[in-house]
Amino acid sequence: MNTKRTLTQLQKMKGQEKIVMITAYDALFASIFDKHVDVILVGDSLNMSFAGKEDTLGVTMDQMIYHTQAVCTKAKKSFVLFDMPFGTYTDKKQALKNAIRAYQETGADAIKLEGGKEKAKIVKHLTQNAIAVFGHIGLKPQSVRAEGGYSIKGKNEEDKKAIIEDAIALEKAGAVALIIEGVKPDVAKAITQQLSIPTIGIGAGVDCDGQVLVWSDTFGFFDEFMPKFVKSYLNGGEQITQAIQTYASEVKSAQFPDEKYSY
Ligand code: KIV
């Protein structure tokens, strides 16, 4: 992949080639990930893995814009997705105003919002106003306080039916792709087969059109809570711990800086 990923390309990948998505919140990691992934999500998960908060709900538009601007400076090839913060798309007018801000103040290629059929009218309004919208269904982290915790969805027939209806409603409203989080794999598979837009799974099994993970989980930096679906591709926390210990002890013992690192 040598050119910038476009929405058209992502949509054509459905059923042909898996879409690789990861979160990033800064220019440094965006530049490392850029050549290897199709989509960089500036997720509101940054409120937890960057800002250290308990959930995603406290992040603001200003904060998301700041981080997305940083990502966009180095994301030359990947498609950049802006995550709309909690409370910024509660009605059509507010959603459009904030989505336009996201477009005008960052280089993001699309926005993402959480919700199913209850958000279809808002999604339609955004898409009618030239905003590309990714939906996010199943486990919706912004609902954690309302639901009293995180729980896997689609465990019974009624729930499964409701999630599939959500997916269909969002596609009809003009969503360009869907994130499916924390659902039983058979539900994600059924949605992926029924929709013509790509599905990106997180804790939703292998049959989605692509996968997304939060970078700090993926590389072993966030070990306070590790859901079953997270595979760590690096023990980053341990490696950095060893490195900082070595640095600290070399400074204390005046081993660093030696001649090699001095003018
Ligand atoms: O904010 C985020 O990182 C997300 C992913 C979990 C999909 O929404």
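Data block above holds the structure.
Values in this document were obtained by computation on a predicted structure and should not be read as measured data. (Residues numbered from 1 in each chain as written. Predicted model: local features only at pLDDT ≥ 70, side-chain atom pairs only at ≥ 80, totals over all residues. Heavy atoms only, no water.)

Chemist: What exactly am I supposed to notice about the site of the ligand here?
Modeler: Lining the immediate surroundings of the ligand are Thr-23, Leu-41, Gly-43, Asp-44, Ser-45, Asp-83, Lys-112, His-136, Ile-179, Glu-181, Ile-202 and Val-214. Between an oxygen atom of the ligand and a side-chain N or O atom of Ser-45, the distance comes to 2.6 Å. A distance of 3.1 Å separates an oxygen atom of the ligand from a polar atom in the side chain of Asp-83. Protein coverage of the free-state accessible area of the ligand, which is 260 Å², stands at 96%. When atom positions are compared with the pocket grids, the ligand is found to occupy the largest pocket. (Near = heavy atom within 4 Å. Polar contact = N/O pair within 3.5 Å; in protein donor to acceptor, adjacent residues only side chain to side chain. Areas by Shrake-Rupley, 256 points an atom, 1.4 Å probe, with all protein chains shown as cover. 1 Å grid on protein atoms, 1.4 Å probe; cavity = no way out; pocket = protein on both sides within 12 Å on 5 of 7 lines; lining within 4 Å. Sits in = over half its atoms within 2 Å of the grid points.)

Chemist: Explanation requested: helix 4 (residues 61–74) in the structure shown.
Modeler: Each turn of an α-helix holds 3.6 residues, which means side chains three or four residues apart point in the same direction. Taking 1.5 Å per residue as the helical rise, helix 4 with its 14 residues ought to reach 20 Å, and the 21 Å between its terminal C-alpha atoms agrees with that figure. Taken as a whole, helix 4 has its buried residues at Met-61, Met-64, Ile-65, His-67, Thr-68, Val-71 and Cys-72. In the core, the buried residues of helix 4 are packed alongside helix 2 (27–33), strand 2 (39–42), helix 3 (46–49), strand 3 (79–83) and helix 5 (92–105). (Helix = DSSP H or I, 4+ residues; strand = E, 2+ residues; numbered from the N terminus. Expected span 1.5 Å × (residues − 1). Buried < 20%, exposed > 50% of the residue type's maximum accessible area, 1.4 Å probe, protein only. Contact = heavy atoms within 4.5 Å.)

Chemist: Please explain the nonpolar core as it appears in this structure.
Modeler: Buried together is how nonpolar side chains tend to be arranged in soluble globular proteins. Core analysis: the largest hydrophobic core is formed by 55 residues, its most contacted members being Phe-82, Ile-111, Leu-113, Leu-126 and Ile-191. Sort the elements by how many residues they give to this core and helix 8 (residues 157–173) lands first, with six residues. Formed by 17 residues, the second largest nonpolar core is a distinct cluster that contains Met-21, Val-39, Ala-132 and Ile-179. (Core = buried A, V, L, I, M, F, W, Y, C linked by side-chain atoms within 4.5 Å.)

Chemist: I'm lost on the environment of Glu-181 in this one. Help?
Modeler: For Glu-181, the location among the structural elements is in strand 6 (residues 177–181). Judged by relative accessible area, which is 12%, Glu-181 ranks as buried. Distance from Glu-181 to Pro-141, taken between C-alpha atoms, is 9.0 Å for residues 40 residues apart in sequence. Excluding residues that lie within four positions of it along the chain, Glu-181 makes contacts with His-136, Ile-137, Gly-138, Leu-139, Pro-141 and Ile-202.

Chemist: How should I be thinking about the packing of aromatic side chains in this particular structure?
Modeler: Any two aromatic rings considered together are summarised by their centre-to-centre distance and by the angle between their planes. Overall, the coordinates contain seven aromatic pairs when judged by the stated rule. Between the aromatic rings of Trp-215 and Phe-221, the centroid separation amounts to 5.4 Å while the plane-to-plane angle is 55°, which identifies the pairing as tilted. Within the aromatic cluster, the residues linked to one another by ring pairs are Phe-29, Phe-33, Trp-215, Phe-219 and Phe-221. (Phe/Tyr/Trp six-rings, centres within 6.5 Å; stacked < 30°, edge-to-face > 60°.)

Chemist: Honestly, the side chain of Asp-34 in this entry has me stumped. Any pointers?
Modeler: Among the structural elements, Asp-34 can be located in the loop between helix 2 and strand 2. Buried and without a salt bridge, Asp-34 has Lys-77 as its closest oppositely charged side chain, separated by 5.9 Å. At a separation of 2.5 Å, a polar atom in the side chain of Asp-34 contacts the side chain of Ser-78. (Lys, Arg positive; Asp, Glu negative; His and termini not counted. Salt bridge = Lys/Arg side-chain N within 4 Å of Asp/Glu carboxyl O.)

Chemist: Which parts of the structure should I look at to understand the packing of helix 8 against helix 9 (residues 185–194)?
Modeler: Between two packed helices, both the angle of their axes relative to each other and the distance between the axes serve to describe the pair. Between helix 8 and helix 9, whose axes approach to 10 Å, the crossing angle comes to 30°. With respect to helix 9, the element helix 8 is oriented roughly parallel. As helix 8 runs across helix 9, the sense of the crossing is right-handed. Taken together, the residues of helix 9 that come into contact with helix 8 (itself represented by Lys-160, Ile-163, Ile-164, Ala-167 and Ile-168) are Asp-186, Val-187, Ala-190, Ile-191 and Gln-194. Counted by class, the contact of helix 8 with helix 9 contains seven nonpolar, one polar and two charged residues. (Axes fitted to C-alpha atoms, helices over the stretch in contact; angles between N-to-C directions. Parallel < 35°, antiparallel > 145°, perpendicular 65-115°, else oblique. Left-handed = near helix turned anticlockwise from the far one by under 90°. Nonpolar A, V, L, I, M, F, W, Y, C, P; charged D, E, K, R; others polar.)

Chemist: Even after reading the chapter, I still don't get the pairing of strand 6, so can you show me in this structure?
Modeler: Strand residues, when the strand is regular, have side chains that alternate between the two faces of the sheet. Burial analysis of strand 6 places five of its five residues in the buried class, which makes it a mostly covered element. Here strand 6 shows no split at all, with Ala-177, Ile-179 and Glu-181 on one side and Leu-178 and Ile-180 on the other all buried. Alignment of strand 5 (residues 133–138) against strand 6, held across five bridges, turns out to be parallel. Looking across to strand 6, one finds that His-136 is bridged to Ile-179. Note that strand 6 and strand 7 (residues 199–202) share four bridges and pair parallel. In the strand pairing of strand 7, Ile-179 is matched with Ile-200. (Pairing = 2+ DSSP bridges.)

Chemist: What is the right way to read a nonpolar patch on the surface from this model?
Modeler: Among the surface-exposed residues, Ile-244, Tyr-247, Val-251, Phe-256 and Tyr-261 lie close enough to one another that they form a single nonpolar patch of about 500 Å² accessible area. Assessed through its relative accessible area of 47%, Ile-244 is described here as partly exposed. (Patch = residues over 30% accessible without salt bridge, like charges linked within 9 Å, V, L, I, M, F, W, Y side chains within 5 Å.)

Chemist: What exactly am I supposed to notice about the sheet that holds strand 4 (residues 110–114) here?
Modeler: Hydrogen bonds between backbone groups are what pair the strands of a sheet, and the pairing can be parallel or antiparallel. Strand order in the closed barrel formed by eight strands is 1-2-3-4-5-6-7-8, and the pairing between neighbours is parallel. Adjacent strand axes in the sheet meet at a mean angle of 25°, parallel and antiparallel pairs treated alike. Bridge count between strand 4 and strand 5: four bridges; the pairing is parallel. When the sheet's bridge partners are listed, Glu-114 is paired in strand 5 with His-136. Across the sheet, helix 4 lies against strand 2 and strand 3, angled at about 170° from strand 3, the strand it touches most.

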